[in-house]
Amino acid sequence: MKKITHFLLIAVALVYSTAAIAQSTVTGTVLDSETNTPLPGVNVIEKGTTNGVSADFDGNFTLKTESTDAIIVISYVGFLSQEISISGDTDLGNIMLEPSPFGLDEINIIASVAVDRKTPVAVSTVRAEEIELKLGSQEFPEILKSTPGIFATRAGGGFGDGRINVRGFSSVNVAVLINGIPINDMENGRVFWSNWAGLGGVTSQMQVQRGLGASKLAVPSVGGTINIITRTTDVEAGGNVFADVGNDRRRKYGLMYSTGLMDNGFAVTIAADKTDGDGYVDGTQFTSVSYFINISNRINDQHKLSFSAFGAKQRHGQRQNRSLISTYRESERGIKYNPDWGYKNGQVTSIEDNFYNKPQLSLNHYWTISDKTTLSTAAYASWGSGGGGGTLGSNLDGQDGRFKFDSNDYKIGVLGPVDLDRIVRENIANGANGSSAALRASRNDHSWYGVLSTLKTDLSDNLVLLAGIDFRDYVGKHFREVTDLLGGQFIINDGDVNNPLNPARVGDKVNYWNDGKVGWLGLFTQLEYTKDKLNTFLSLSGSNTSYKRIDYFNYTPDDPLRATDRFNFLGFSVKGGANYNLNDKHNIFANIGYFEKAADFRAVFPNFNNEDINANAENEKITSFEIGYGFRGEKFAANVNLYSTQWKDRTLSRSFEQPDGTFASANILGVNALHKGIELDFTYKATDKFTLTGMASFGDWRWQNDLRDIQIFDEEQNLIDTVNIFIKDLRVSDAAQTTMALGMNLEVMPRTNLTIDYNYFDNLYARYNPNDRGVEGAPEAWKLPDYGTFNVFLRHSFDLGEFDATLTARMYNVFDTNYIPDALDGSASDAATSLVWFGNGRTFNIGVKINF
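This report concerns the structure included in the present document. (Residues numbered from 1 in each chain as written. Predicted model: local features only at pLDDT ≥ 70, side-chain atom pairs only at ≥ 80, totals over all residues. Heavy atoms only, no water.)

1. A closer look at the overall build of the protein chain
Counting secondary structure elements, the protein chain contains six helices and 47 strands. For 852 residues, the compact-globule estimate of 2.2 N^0.38 gives 29 Å, and the protein chain sits close to it at 27 Å. Each principal axis of the C-alpha distribution contributes one length, and for the protein chain these read about 90 × 60 × 55 Å. Expressed as a percentage of its 852 residues, the buried residues of the protein chain come to 60%. Relative to all contacts within the protein chain whose residues are 6 or more apart in sequence, the contacts with residues 24 or more apart total 67%. (Helix = DSSP H or I, 4+ residues; strand = E, 2+ residues; numbered from the N terminus. Rg over C-alpha atoms; globule rule 2.2 N^0.38 Å. Buried < 20%, exposed > 50% of the residue type's maximum accessible area, 1.4 Å probe, protein only. Contact = heavy atoms within 4.5 Å.)

As structure tokens, this is what we get:
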């Protein structure tokens with residue numbers, strides 16, 4: 001807390017030391033030209049500067065300019081921008097924005113974007129300008145870490161390995177949508193951010209709706225919903241090129257170009273970039289190529305078509321295994337130490353890595369049926385190919401060679417990288433006995449098709465009805481394959497009953513091979529009522545989820561158990577809320593909801609076979625309510641909200657490292673938890689040149705029951721133990737229950753801005769192994785030390801000939817603070833026995849962007 005106090009004092013001092021007299025005051029009201037209704041949240045910026053404001057709920061704004069003569073740029077997603085020249089104090093009156101023929105208004109319907117002082121949910125929005133300023137070498141989820149209720153980390157530190165929790169819930173129970181299309185894995189609900197490495201450059205806004213959210217779909221928004229809206233095609237021609245460099249040889253360069261609206265009625269936007277580097281953590285080299293294209297055509301006044309394709313092909317080394325704090329201290333590499341890589345033939349070789357390519361294609365059709373009715377439909381498809389690396393060991397002669405990857409005898413120096421050349425020599429010496437240790441990849445290929453359609457109709461001037469359908473079909477292909485025999489001719493594997501002593505070679509499948517088939521059909525409807533100061537909604541949705549499993553290794557081709565029947569599970573949700581604007585400054589809102597989430601794939605097939613099927617798996621049951629208050633003043637704006645989420649019959653899938661270095665997993669059913677807390681955030685525009693932002697979240701998240709007869713499986717999906725778990729009244733781990741942030745933006749000179757962010761985290765408890773909580777009265781997991789970090793951003797805009805250019809410098813963790821954001825609880829639930837990942841030390845990058 002001392003760090004926060006010191007920073008606040010500095011910020012307050014800067015307020016008084018940077019006061020300046022504005023030279024002009026510009027006012028106005030921004031309206032939709034077609035409906036003559038106000039546009040809240042419109043961006044109003046003085047051109048060539050970062051001096052700007054957002055219009056209030058009624059479309060009104062007041063901007064104090066830096067120059068007497070200036071150009072005011074007024075922009076809003078889904079509308080054509082306007083530039084207006086002013087001289088001196090000016091009242092622009094009503095400013096009518098024309099809808100863009102290729103705007104985001106239809107996408108906003110599909111994506112259920114929340115509107116300030118209207119949608120009764122707790123919401124925070126991060127726009128493209130802030131993403132571009134702060135992302136740099138951060139992980140995409142880290143952009144949200146100054147948002148109330150959010151905890152985001154880099155996990156092991158590999159490229160794209162970041163994770164995010166909302167109000168204590170992991171991405172499994174946070175609905176993540178891109179342009180309204182859900183991207184949570186259909187089998188387990190997880191989101192792998194490395195699959196979406198190029199999103200930062202094409203996102204127009206990212207909105208976090210905490211709690212039940214505004215989404216109409218029957219999606220897993222237990223903790224909240226993350227809405228990511230990508231850019232559409234621009235009406236005007238133009239583009240940019242950019243490049244940046246950073247620590248550990250990080251490089252990124254790319255381009256974006258839009259044709260603008262052509263004579264044939266088409267418009268095209270393309271973007272591509274390449275990123276590579278060595279990674280801050282040892283052995284985490286990475287390379288990624290991302291791509292984006294949007295082709296749009298306005299057929300006539302009633303019909304628009306928009307096609308988008310985007311994705312990223314990437315490969316990166318990982319740090320999968322945590323280590324003792326004492327190990328980091330003993331290593332010459334300190335917090336960069338990583339046990340999961342080595343040298344082979346003088347080349348860095350990742351023992352644990354990740355590689356994936358997941359292009360997503362969507363075709364959107366927008367149909368204006370009448371003045372009151374529209375139909376927005378998105379048909380989409382994605383194909384994922386790739387997986388994660390790891391080790392294989394042969395049990396020939398009773399010896400599993402995987403120990404070699406963890407043994408200090410096979411390290412180069414003290415706690416150095418693995419000497420893979422030694423393993424190669426030993427495998428060669430084995431001759432006809434094959435390899436005792438090798439490398440493999442756990443593949444998770446899939447194909448996914450879906451249709452999402454939403455009908456919107458005005459029943460009256462005050463009542464709007466939305467209804468739609470959500471169809472998805474998914475096939476996941478899961479298997480392991482040999483990737484490197486490390487000098488041997490083959491490796492013995494007994495995972496296939498059809499080939500019990502399989503001499504597997506590179507490319508052969510080993511250990512397991514099965515398909516998971518998931519079907520989804522959802523229906524939803526929502527009524528929205530608006531009158532004067534009141535906005536309300538009532539939403540109903542229902543879904544049927546079906547699962548089928550095909551196992552090619554545990555059963556012979558003629559075994560009827562090889563393929564299961566389809567098992568169907570119904571889920572539903574009902575939620576509603578209201579927002580009331582007391583006046584033009586104060587508003588209050590409340591929402592409440594109950595939904596039952598169908599059990600996931602692992603809950604139905606808990607034991608990795610087709611015999612032990614939980615055909616009557618319980619739905620997860622969630623009850624949530626929230627109340628909030630908002631204030632919008634000329635210089636100061638704030639939000640406060642209180643929430644409570646009761647979760648019953650929760651399913652948890654936990655993977656953890658065992659004492660011998662191998663991984664195990666548990667599928668934990670029937671967990672109950674209560675998450676409650678208070679959140680607040682504010683923005684204070686002290687002067688035209690200085691803005692202060694802040695937030696604080698205080699959560700109290702606890703388990704409510706003990707569990708018995710939980711089964712533990714090894715990496716090869718073999719049952720190794722059955723345990724009881726005593727966790728009643730213990731705190732939910734793996735996410736900070738107290739978070740705070742303070743930020744400032746200062747214009748140090750014309751077209752030059754300095755931004756400083758401070759983030760603080762506390763009440764963070766170590767993740768624990770299920771088999772470590774087998775005794776009643778077990779203590780809390782180790783509470784990690786609290787920590788805070790500073791990030792600094794400096795941006796300067798300038799003219800480069802006839803082009804606008806921007807130079808941006810970023811430094812993260814400025815004071816090189818040592819901190820631990822991730823830990824696995826040890827035998828004594830303390831710092832000495834727990835396994836940890838340290839966060840990154842000081843890192844930096846600098847980039848330039850040229851617009852044309």
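2. Looking at the sheet that holds strand β21 (residues 341-344)
Judged by pairing direction, the sheet is mixed, and its three strands sit side by side in the order β22-β21-β26 without closing on themselves. Strand pairing shows two members of the sheet lacking a second neighbour, β22 (347-350) and β26 (418-419), which therefore form its edges. As defined by bridge partners, β21 adjoins β22 across four bridges and the pair is classed as antiparallel. Considered in β22, the bridge of G342 is made with T349. (Pairing = 2+ DSSP bridges.)

3. Some thoughts on the pairing of strand β23 (residues 353-357)
Burial analysis of β23 places four of its five residues in the buried class, which makes it a mostly covered element. Strand direction decides the pairing type here: β23 and strand β25 (residues 373-393), joined by four bridges, are antiparallel. Within β25, the position partnered with F355 by the bridge is G387.

4. Thoughts on the packing of aromatic side chains
Here the distance between the centres and the angle between the planes together describe a pair of aromatic rings. A complete count under the given rule lists 28 aromatic pairs for this structure. Ring centres 5.2 Å apart and planes at 65° place the aromatic pair W341 and Y343 in the edge-to-face group. A residue is classified by how much of its surface remains accessible, and Y343, at 30% relative accessible area, is partly exposed. Judged by centre distance (6.2 Å) and plane angle (40°), the rings of F631 and F636 are tilted. Ring pairing ties together the aromatic residues Y547, F567, F569, F601 and F605, which thus form one cluster. Over the face of the ring belonging to W513 we find K509, whose NZ or CZ atom lies 4.6 Å from the ring centre. (Phe/Tyr/Trp six-rings, centres within 6.5 Å; stacked < 30°, edge-to-face > 60°. Lys NZ or Arg CZ within 6 Å of the ring centre and 35° of its normal.)

5. A short note on helix α5 (residues 420-430)
By the burial criterion, the buried members of α5 are L420, I423, V424 and N427. Projected down its long axis, α5 shows its buried positions confined to an angular sector of 105°, all on one face. Away from the buried face of α5 by more than 90 degrees, exposed residues R425 and A429 are located. At its buried positions, α5 is contacted by β21, β22, β26 and β27 (437-458). Two residues or fewer after α5 comes G431, characterised by a positive phi angle close to 55°. (Arc of directions from axis to C-beta.)

6. Looking at a nonpolar patch on the surface
Nonpolar side chains collect at one region of the surface, where Y580, L582, I588, I627, Y629, V640, L642, I678, L680 and F698 lie side by side and expose about 780 Å² of accessible area between them. Here L680 lies in strand β37 (residues 663-687). Judged by its relative accessible area of 32%, L680 falls in the partly exposed class. (Patch = residues over 30% accessible without salt bridge, like charges linked within 9 Å, V, L, I, M, F, W, Y side chains within 5 Å. Areas by Shrake-Rupley, 256 points an atom, 1.4 Å probe, with all protein chains shown as cover. Salt bridge = Lys/Arg side-chain N within 4 Å of Asp/Glu carboxyl O.)

7. With respect to the nonpolar core
Core analysis: the biggest nonpolar cluster contains 42 residues, and I668, W703, I727, W782, I820 and V836 have the highest contact counts within it. Of all the secondary structure elements, the ones that give two or more residues to this core are α4 (325-330), β36 (636-657), β37, β38 (690-703), β39 (707-714), β40 (719-725) and β46 (835-837). Not counting residues within four places of it along the chain, the set of residues in contact with W782 comprises I325, L764, Y765, A766, I820, A823, D825, S829, D830, A831, S834 and V836. Ranked by size, the runner-up nonpolar core spans 33 residues in total, among them I131, I150, V174 and I226. (Core = buried A, V, L, I, M, F, W, Y, C linked by side-chain atoms within 4.5 Å.)

8. Considerations on the sheet that holds β46
Ordered by their spatial adjacency, three strands build an open sheet running β20-β46-β45, and the pairing between neighbours is antiparallel. Looking at the sheet topology across the chains shown, the edges are occupied by β20 (323-324) and β45 (822-824). Bridge analysis of β20 against β46 gives two bridges, and the strand direction is antiparallel. Each residue of the ladder has a partner; that of L324, found in β46, is L835.

9. What to know about the pairing of strand β17 (residues 266-277)
Looking down a regular strand, the side chains alternate between one sheet face and the other. Bridge analysis of strand β16 (residues 250-258) against β17 gives eight bridges, and the strand direction is antiparallel. Looking across to β17, one finds that R251 is bridged to D276.

10. Notes on the environment of G507
As for its placement among the helices and strands, G507 is situated in the loop between β30 (502-504) and β31 (509-531). Separated by 25 residues in sequence, G507 and V482 place their C-alpha atoms 5.3 Å apart. The contacts of G507, once residues within four sequence positions are left out, are E481 and V482.

Without other data, these values stay purely geometric and don't point to any function.
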